[in-house]
Every structure is written in structure tokens, then in C-alpha cells.
Amino acid sequence: REKPESADDVRTFLSSYSEGATAECVNGIVVHNLRTGARYGANEVAHVNFHPISERTIETAIAQGGIFASAGAFAIQDPLFAPLVRQIIGSREAVIGLPIDTLHTLLSNAKEVGVPLAACLPLPSAMAPGITVRVARPTDHEDLRYETLQPY
């Protein structure tokens, strides 16, 4: 499911989860080494099952408005929804939207063999002028994994 476009979409999505439908979160990641042309990609899918979601919770989510920026009309890191998550099959990061372990694997695969990492970076992006690409630092992994994202 995409981001809900209306309050009725939110009600429909959340009611279906409340009745037992599983939310499926699909991520596609591609890492492209601009120096070598090596390109690696992967898909990661995660599933979320919820406890029953009350009408009050649904209306609160609509009133707060942040839910309209979330695909599937939920955010598991939102204090409103976190207690309602019954089960996650797959990685938490894949549900949030960026599977960090998969990204690290792809970055590792795309790294130039025999070239010191410092020689590869920083590398300006031709696809997005003004953006500089760098390899994720070891500390990035933990910082991103447990970061609490705020709704828009």
C-alpha cells in the first residue's frame, strides 16, 4: 500500500490490519560504484501483524496527520502504533523503510577490491549534483538502526 490520500484510506488500511490483514513492506535497494560501474541490488520484504486497532486510535492518527506520510498508514516507531505491533517477520528496518543490514552488504559488495577506502571517497554524484557519496561508517549502522523517526 502507498501513503494514504484521505482519512477514508487510513480507516480502510488500519481497519484491515485490525481484522488480521498482514502489512507487507517491500524495499528495493541498488548500490552503484560510480568508479567501477559495479552495481548490486536486492529486495527485502518484511511483514507486520497488529493487535486490534481501536476506532479511537484510528481517529487519533488521522487527527495528528503524520500518518499521511507513511506508506500503509502506519509507522511502527510511532508511539501510537508501537504497542499495537503483534509481530514483525523480517527486519524492523525494512518496515521503517531502509534495511540497514542489506544496505551494508551491498556497499561491501560494491567496494573496490585492492583500493584503499579513502581513495574512493568523497565522490560527487553525477546523478544528484551537490550530493557527495561516502561509504557508511561503522557508527552509522547503530545510529540509524535505533533512531526514532518523528512524523512529518
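Anything mentioned here points back to the structure above.
Residues numbered from 1 in each chain as written. Predicted model: local features only at pLDDT ≥ 70, side-chain atom pairs only at ≥ 80, totals over all residues. Heavy atoms only, no water.

1. Describing the pairing of strand β1 (residues 23-32)
Here is the key point about a regular strand: its side chains alternate between the two faces of the sheet. Note the cut-off: Partly exposed describes any residue whose relative accessible area lies between the buried limit of under 20% and the exposed limit of over 50%, with all areas from a 1.4 Å probe on protein chains only and scaled to the type maximum. Going along the chain from the N terminus, every DSSP run of H or I of four or more residues is numbered as a helix, and every run of E of two or more is numbered as a strand. When DSSP finds two or more bridges between two strands, those strands count as paired.
Here β1 shows a buried face lined by A23, C25, N27, I29 and V31 and an unburied face lined by E24, V26, G28, V30 and H32. Here β1 runs beside strand β2 (residues 39-50); their pairing, made up of 10 bridges, is antiparallel. Residue pairing across strands places C25 opposite A46, the latter belonging to β2.

2. A word on the packing of helix α1 (residues 7-18) against helix α2 (residues 55-64)
Helix-helix packing: each pair is described by the crossing angle between the helix axes and the interaxial distance. Condition: Lines fitted to C-alpha atoms define the axes here, with helix axes fitted over just the stretch in contact, and angles between the N-to-C directions of these axes take values from 0 to 180 degrees. Helix crossings fall into two classes, left-handed where the near helix is turned counterclockwise from the far one by less than a right angle and right-handed where it is turned clockwise. The contact definition used throughout considers only heavy atoms, calling two residues in contact when any of these lie within 4.5 Å. In the scheme used here, Gly and all other residues not listed as nonpolar or charged are polar, with Ala, Val, Leu, Ile, Met, Phe, Trp, Tyr, Cys and Pro taken as nonpolar and Asp, Glu, Lys and Arg as charged.
At a minimum axis separation of 10 Å, α1 and α2 run at an interaxial angle of 140°. The handedness of the crossing between α1 and α2 comes out as right-handed. Here A7, V10, R11, L14 and S15 of α1 come into contact with α2, specifically with E55, I58, E59 and I62. For the contact of α1 with α2, a count of residues per class yields five nonpolar, one polar and three charged.

3. Structural notes on α2
Because an α-helix packs 3.6 residues into every turn, residues spaced three or four apart end up facing the same way. For clarity, the cut-off: Each direction from the helix axis to a C-beta atom contributes to the arc, which is the arc of those directions.
Within the span of α2, buried status applies to T57, I58, A61 and I62. In a view along the axis of α2, the buried residues occupy a sector of 140°, so they form one face of it. Exposed positions of α2 whose direction lies more than 90 degrees from the buried face are E55, R56, A63 and Q64. Buried residues along α2 sit against α1. Looking one or two residues past α2, G65 carries a phi angle of roughly 85°, positive in sign.

4. Describing the pattern of salt bridges
Put simply, the rule reads: When a carboxyl oxygen of Asp or Glu is within 4 Å of a side-chain nitrogen of Lys or Arg, the pair counts as a salt bridge.
Tallied over the full model, the rule gives two salt bridges. Note that D8 and R11 form a salt bridge whose closest N and O atoms lie 3.1 Å from each other. Placement of the pair is D8 and R11 together in helix α1, with a separation of three residues, close to one helical turn. Residue classification places D8 among the exposed positions, given a relative accessible area of 53%. Its salt-bridge partner being E59, residue R11 comes within 2.8 Å of it at the nearest N-O pair.

5. Focus on the side chain of D78
Keep this limit in mind: Counted as positive: Lys and Arg. Counted as negative: Asp and Glu, with His and the chain ends omitted from the count. Here a polar contact is recorded for every N or O atom pair within 3.5 Å, except that within protein the pair must consist of a potential hydrogen donor and a potential acceptor, and residues adjacent in sequence are included only if both atoms are side-chain atoms.
Looking at the secondary structure, you find D78 in the loop between α2 and β3 (85-89). Despite its burial, D78 pairs with no opposite charge, the nearest such side chain being R92 at 11 Å. Side-chain polar atoms of D78 contact the backbone nitrogen of L80, separated by 2.7 Å.

6. Describing the sheet that holds β3
Spatially, β1-β2-β3 is the arrangement adopted by the three strands of the open sheet, whose pairing is antiparallel. Edge positions in the open sheet fall to β1 and β3, since each of these has one partner strand only. Taking the axes of each pair of neighbouring strands and ignoring which way they run, one obtains an average angle of 20° across the sheet.

7. What to know about the packing of aromatic side chains
Which entries qualify depends on this criterion: Centre distance within 6.5 Å is the pairing criterion for rings of Phe, Tyr and Trp, where only the six-membered ring of Trp is used; planes under 30 degrees apart are then read as stacked, over 60 as edge-to-face, and the remainder as tilted.
One pass over the structure, following the stated rule, counts three aromatic pairs. Measuring from centroid to centroid gives 5.4 Å for Y17 and F50, while their planes differ by 25°, and the two rings are stacked. Within this pair, whereas Y17 is found in helix α1, its partner F50 is found in strand β2, the two being separated by 33 residues in sequence. Here F50 falls in the buried class, since its relative accessible area comes to 4%. Both rings, one in F50 and one in F74, keep their centres 5.1 Å apart while their planes meet at 75°; by these two values the pair is edge-to-face. With F50 in strand β2 and F74 in the loop between α2 and β3, this pair connects stretches of sequence that are 24 residues apart. Judged by its relative accessible area of 7%, F74 falls in the buried class. An aromatic cluster is present here, built from Y17, F50 and F74 joined pairwise through their rings.

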